[in-house]
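# Residue-level structure breakdown
Listed below are the residues making up each chain.
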Amino acid sequence: MPNIAVIGAGVNGVASAIRLLEHYVQEARRPIRVTIISEDFTPNTTGDGSAGLWGPYLLGGTSQSKVHKWSRSMHRFLEQIWLSEDAAEAGVCLLPCIRLTTSTVDTVGDFWRDIVYGAVDLSKDQLAAYNKGRSYMFTSGISFVTYTSEPVKLLPYLMKRFIRNGGLVVRQRITDLEAFIADSEYDVIVNCTGLGSRSLLNDDQMYAVRGQVSRVKASWIFSAVLDESDDGNYIIPNTESVVLGGTHQERDYNTQVCQQDRRMIVDGCRRYIPGLEHTECLHDWVGLRPGRTQLRLEAERRGRKLLVHNYGHGGSGVTLCWGCADEVLDILLAAQSGAKL
Ligand SMILES: Cc1cc2nc3c(=O)[nH]c(=O)nc-3n(C[C@H](O)[C@H](O)[C@H](O)COP(=O)(O)OP(=O)(O)OC[C@H]3O[C@@H](n4cnc5c(N)ncnc54)[C@H](O)[C@@H]3O)c2cc1C
């Protein structure tokens with residue numbers, strides 16, 4: 001029976017653990033033991049402060065075809081939840097979005113537009129309306145419908161699913177990964193420690209991408225606006241609050257709320273929706289995205305044991321978690337059948 005440790009309880013650790021467990025228990029009907037080992041759990045992981053909007057963002061040089069495959073898998077997973085009785089508990093919502101770009105700054109592009117629902121280009125008149133009174137001009141924009149799955153709800157839902165299927169949970173900080181692999185009883189170790197991998201593996205390709213957001217009470221906002229220009233703002237409704245963003249400061253490790261960033265966020269978002277002027281601020285939040293030159297999803301053999309890395313998801317950890325979990329399962333099955341890693 002495989003005895004698997006998944007290190008990390010953010011969206012990627014929990015998705016990987018549940019994907020492995022549910023495959024063995026429900027699909028293959030074979031015994032398995034999966035334990036999530038983590039220093040921290042929801043609501044204290046990076047995803048917990050995020051809006052959990054589906055959409056590839058800040059992924060370094062990760063291959064576009066892989067991002068397309070992984071993000072499509074998550075979209076389908078969210079669709080299944082949305083169509084089930086679990087949607088409310090899991091915090092999964094369908095959301096109309098407008099995404100605006102300038103020709104000079106569109107680091108991601110919209111190569112994913114076949115995945116979302118009803119993507120159409122904005123007309124010249126629609127663009128002109130968004131450009132009114134701006135210091136820079138949007139050259140294109142699309143409207144589409146996709147999902148939000150706010151991790152502060154998605155993670156407890158997934159943890160419940162994990163435990164219901166027999167998953168185990170241990171609170172522990174791993175300080176020496178090699179010693180842990182050598183000394184523990186686990187034969188497969190899945191490393192999903194996000195930015196923690198920087199020190200755990202001395203991975204100098206990892207860096208923080210600081211993100212500050214404000215959560216406000218504005219139950220009258222039903223759609224998202226995403227300005228993809230470099231210092232652009234975004235407005236993303238969740239079930240009980242609306243997330244106003246945001247910053248993406250590379251190699252900035254400051255987890256304190258910065259008043260200057262707050263001004264940029266609040267003033268910038270009010271330019272899109274002036275009614276935000278009179279909304280109550282619930283709280284400001286800073287998270288450090290696990291940035292990397294490219295996402296690391298690969299396996300290494302350690303004697304008879306297998307170490308699988310799944311970290312470096314930048315600004316898209318929620319968007320990619322289910323697709324990356326699929327890949328972790330594929331890697332494990334291939335390794336068990338003796339395939340070359
Ligand atoms: C402001 C902001 C907004 C965002 N918005 C979105 C969005 O709308 N959509 C989207 O897709 N993504 C978004 N993201 C990105 C997303 O939140 C991250 O990519 C994602 O949370 C990373 O998840 P993870 O599981 O890889 O890492 P983490 O959530 O950081 O989890 C790492 C886990 O590993 C544990 N750990 C670390 N080191 C150790 C150790 N040594 N021993 C034991 N345990 C350890 C931690 O306790 C934690 O449980 C946003 C991020 C920010 C900051």
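Data block above holds the structure.
Because the structure is predicted, anything quoted here is derived from the model rather than measured. (Residues numbered from 1 in each chain as written. Predicted model: local features only at pLDDT ≥ 70, side-chain atom pairs only at ≥ 80, totals over all residues. Heavy atoms only, no water.)

Now for the site of the ligand. Around the ligand sit 36 residues in total, of which D40, T46, I174, G314 and T319 are the nearest. A distance of 2.9 Å is found between an oxygen atom of the ligand and a backbone nitrogen or oxygen belonging to D40. In the environment of the ligand, a nitrogen atom lies 2.9 Å from a nitrogen or oxygen atom belonging to the backbone of L53. Elements that contribute at least two residues to the shell around the ligand include exactly α1 (11-28), β8 (206-217), β13 (280-292) and α9 (317-336). Each residue belonging to the shell around the ligand can be placed in one class, and the counts come to 11 nonpolar, 21 polar and four charged. (Near = heavy atom within 4 Å. Polar contact = N/O pair within 3.5 Å; in protein donor to acceptor, adjacent residues only side chain to side chain. Helix = DSSP H or I, 4+ residues; strand = E, 2+ residues; numbered from the N terminus. Nonpolar A, V, L, I, M, F, W, Y, C, P; charged D, E, K, R; others polar.)

Right, let's get into the pattern of salt bridges. Going through the model one piece at a time under the given rule, you end up with 22 salt bridges. The salt bridge partner of R19 is E27, with a shortest N-O separation of 3.6 Å. Salt-bridge contacts for E250 lead to R251; the nearest nitrogen and oxygen are separated by 3.4 Å. Taken together, the salt bridges that share partners define one network made up of E178, R296, E298, E300 and R302. (Salt bridge = Lys/Arg side-chain N within 4 Å of Asp/Glu carboxyl O.)

A few words on unusual backbone geometry. In this model, T42 is joined to P43 through a cis peptide bond whose omega is 15 degrees. Turning to its location among the elements, P43 is positioned in the loop between β2 (33-38) and α2 (64-82). Residues G245 and G246 are joined by a peptide bond in cis, for which omega reads -20 degrees. Tracing the chain through its elements places G246 in the loop between β11 (242-245) and β12 (249-250). Positive phi, normally seen in glycine, also occurs at L58, with a value near 50 degrees. On the basis of relative accessibility, which here comes to 22%, the residue L58 falls in the partly exposed class. (Buried < 20%, exposed > 50% of the residue type's maximum accessible area, 1.4 Å probe, protein only.)

As a further point, take α2. Its 19 residues place the ends of α2 26 Å apart at the C-alpha level, agreeing with the 27 Å of an ideal helix rising 1.5 Å per residue. For α2, every residue scored as buried is listed here: V67, H68, W70, S71, S73, M74, H75, F77, L78 and I81. (Expected span 1.5 Å × (residues − 1).)

All right, on to the nonpolar core then. The biggest cluster of nonpolar side chains holds 66 residues, and the ones touching the most others in it are I4, V6, L20, V34, I36, M74 and V190. Top contributing element to this core by residue count: α9, with 11 residues. Counting 17 residues, the second largest nonpolar core, distinct from the first, contains L122, L127, I235 and I273. (Core = buried A, V, L, I, M, F, W, Y, C linked by side-chain atoms within 4.5 Å.)

This part is about a nonpolar patch on the surface. A cluster of nonpolar side chains, namely W82, L83 and L94, defines an oily patch on the protein surface of about 300 Å² accessible area. Tracing the backbone through its elements, the reader meets W82 in helix α2. (Patch = residues over 30% accessible without salt bridge, like charges linked within 9 Å, V, L, I, M, F, W, Y side chains within 5 Å. Areas by Shrake-Rupley, 256 points an atom, 1.4 Å probe, with all protein chains shown as cover.)

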